[in-house]
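# Notes for the structure review
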Amino acid sequence: MASSLLLFLLSFLILTTTSKSTPATITIPLSAPSFTKLVVPSKDPWGALNHLATQSLSRSHHIKSPKTNFSTIKTPLFPRSYGGYSISLNFGTPPQTTTFVMDSGSSLVWFPCTSRYLCAECNFPNIKRTGIPTFLPKLSSSSKLIGCKNPRCSVFFGPEIQSKCHECDSTAQNCTQTCPPYEIQYGSGSTAGLLLSETLDFPNQKTIPDFLVGCSILSTRQPEGIAGFGRSPESLPSQLGLKKFSYCLVSHAFDDTPTSSDLVMHTGSGSGDTKTAGLSYTPFQKNPTTAFRDYYYVLLRSIVIGDTNVKVPYKFLVPGSDGNGGTIVDSGTTFTFMEKPVYELVAKEFEKQMAHYTVATEIQNLTGLRPCFNISGEKSVSVPDLIFQFKGGAKMALPSSNYFSFIDSGVICLTIVSDSVLGPGIGAGPAIILGNYQQRNFYVEFDLENEKFGFKPQSCV
């Protein structure tokens, strides 16, 4: 399978070599409203909302399955109709601009590649399969295939990959065998291709030669490429040697409105354990297994709804020896996911405290969201506060628009999702995934040097 895919991929790649370099600090615009009106342009709005909820669940299933003198770089971050946030990056010589999903829950950076790129089930709102832009290696003088003996092939696949370099004997100085094809599974799709060395250019800011990037030839359900910001060596932060990165997500309108905020990446040398003014911090946690090494774990100590501290069993809050459990922060998931037993505790507490409103059962069935309440005819609406309390005392008090949204003029729904089946125990992977919808209008900082996560409320518009 791998060899035939390799032949297929190689038949479309015509590659050569080069480099370049400059200063340091990187900022990228990110692309995604008191209750937000959850308006999804579609002939079938209920189905579209169900799609967003299902997509968040699919993403969570993937995540839960194995597998200060700073220089800065800034780039715009845009909200997208498919539920994520995107950045534009320039690869190649001369540079070719490509859009990427900004994803803190995976690590490889890859783009749709060559004129023969194929993508199945890739029609999304405002994105058509035939209109997905692709990177063309043959037009770049700095594109090079990664060889099987290249150390970065082993970094990505692990040292055991060397046993598959059959055309390279142990004494070969210049083995021409290519690093085997990669195949990556995401929550709702996949991608496959070959690893390249390429030049990454942040105009008027910084140029990075010899950047490891994936040239994907085949994908399913991928609206664009992915810029992995996870914790593995092949991620963008790791390759750039970032000390920290931060963003402030503007509100989703799910219509690709060209409003953006900045993704800010800090490079160079820091000055110890510095803190950004006004931020509350909690330390990153380690998962005891390597299966979930990409993810940014934090220790959620409690969930408070109104004046009630929801009694979440400890096993869901901290990863066990098998790696299951715990909480991660993920920019690629839209609605926050909670393992069913945790979700039921949260949903039932909201239902209890909002019992004076009528449950909108039909809307719940149509959208996959729950609880939903009929508020038509109400002069004002009040919902209980929702606070996430983390290790170290950091408290994330969410604005109501981050967890309840208007589905139409008379219904509001909780924008947290879970599996439909209540299992006997904890499922694989993280039990709670803090999605981008709940991160909106917070300044969020991933301090990689000091291994901590910081945040503060802030208008991101």
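As the structure is a computational prediction, the values presented were derived from the model and not from experiment.

The next thing to look at is the pairing of strand β11 (residues 206–220). With eleven of 15 residues buried, β11 lies mostly within the body of the structure. Summarising the sheet, strand β6 (residues 110–112) and β11 pair through three bridges and their orientation is parallel. From the neighbouring strand, F111 faces β11, where its bridge partner is C215. Sheet analysis places strand β7 (residues 118–120) next to β11, joined by three bridges and oriented parallel. Across the sheet, the residue bridging to C119 is S219, located in β11. Pairing between strand β10 (residues 190–202) and β11: twelve bridges, direction antiparallel. Each bridged residue has a counterpart across the sheet, and for L196 the counterpart in β11 is V213. Between β10 and β11, which pair antiparallel and follow one another directly, the connecting turn spans three residues, one of which, N204, has a positive phi of 60 degrees.

Enumeration over the complete set of coordinates arrives at six disulfides. Sulfur-sulfur distance for the disulfide between C119 and C122 comes to 1.6 Å. In this structure the cystine formed by C119 and C122 twists about its S-S bond by roughly -50 degrees; its chirality is therefore left-handed. Both residues of the pair, C119 and C122, count as buried. Shown here is the disulfide that connects C248 with C460, its sulfur atoms set 1.8 Å apart. Every disulfide takes its handedness from the sign of the S-S torsion; for C248 and C460 that torsion is -75 degrees, giving left-handed.

Counting buried positions along strand β29 (residues 442–447) yields six of six residues, so the element is predominantly enclosed. Both faces of β29 are covered, namely the face carrying F442, V444 and F446 and the face carrying Y443, E445 and D447. Both β29 and strand β30 (residues 452–457) contribute to a ladder of six bridges, which runs antiparallel. Residue pairing in the sheet places E445 in a bridge with G454 of β30. The turn linking β29 back onto β30 is made up of four residues, and E451 within it adopts a positive phi angle of 55 degrees.

In the numbering used here, UniProt assigns the feature "active site" (unreviewed entry) to D103 and D330. Sequence-wise these annotated residues cover 228 residues; spatially they are packed, their C-alpha atoms never more than 7.1 Å apart. As for its position among the elements, D103 is in strand β5 (residues 96–103). A relative accessible area of 1% places D103 in the buried class. Following the sequence through the fold, D330 ends up in the loop between β19 (327–329) and β20 (336–338). Look at D330 and you get buried, because its relative accessible area is 0%.

Cut-off values and rules
- Residues numbered from 1 in each chain as written.
- Predicted model: local features only at pLDDT ≥ 70, side-chain atom pairs only at ≥ 80, totals over all residues.
- Heavy atoms only, no water.
- Buried < 20%, exposed > 50% of the residue type's maximum accessible area, 1.4 Å probe, protein only.
- Helix = DSSP H or I, 4+ residues; strand = E, 2+ residues; numbered from the N terminus.
- Pairing = 2+ DSSP bridges.
- Disulfide = S-S within 2.5 Å.
- UniProt positions renumbered as here; feature names shortened; annotations may be inferred.

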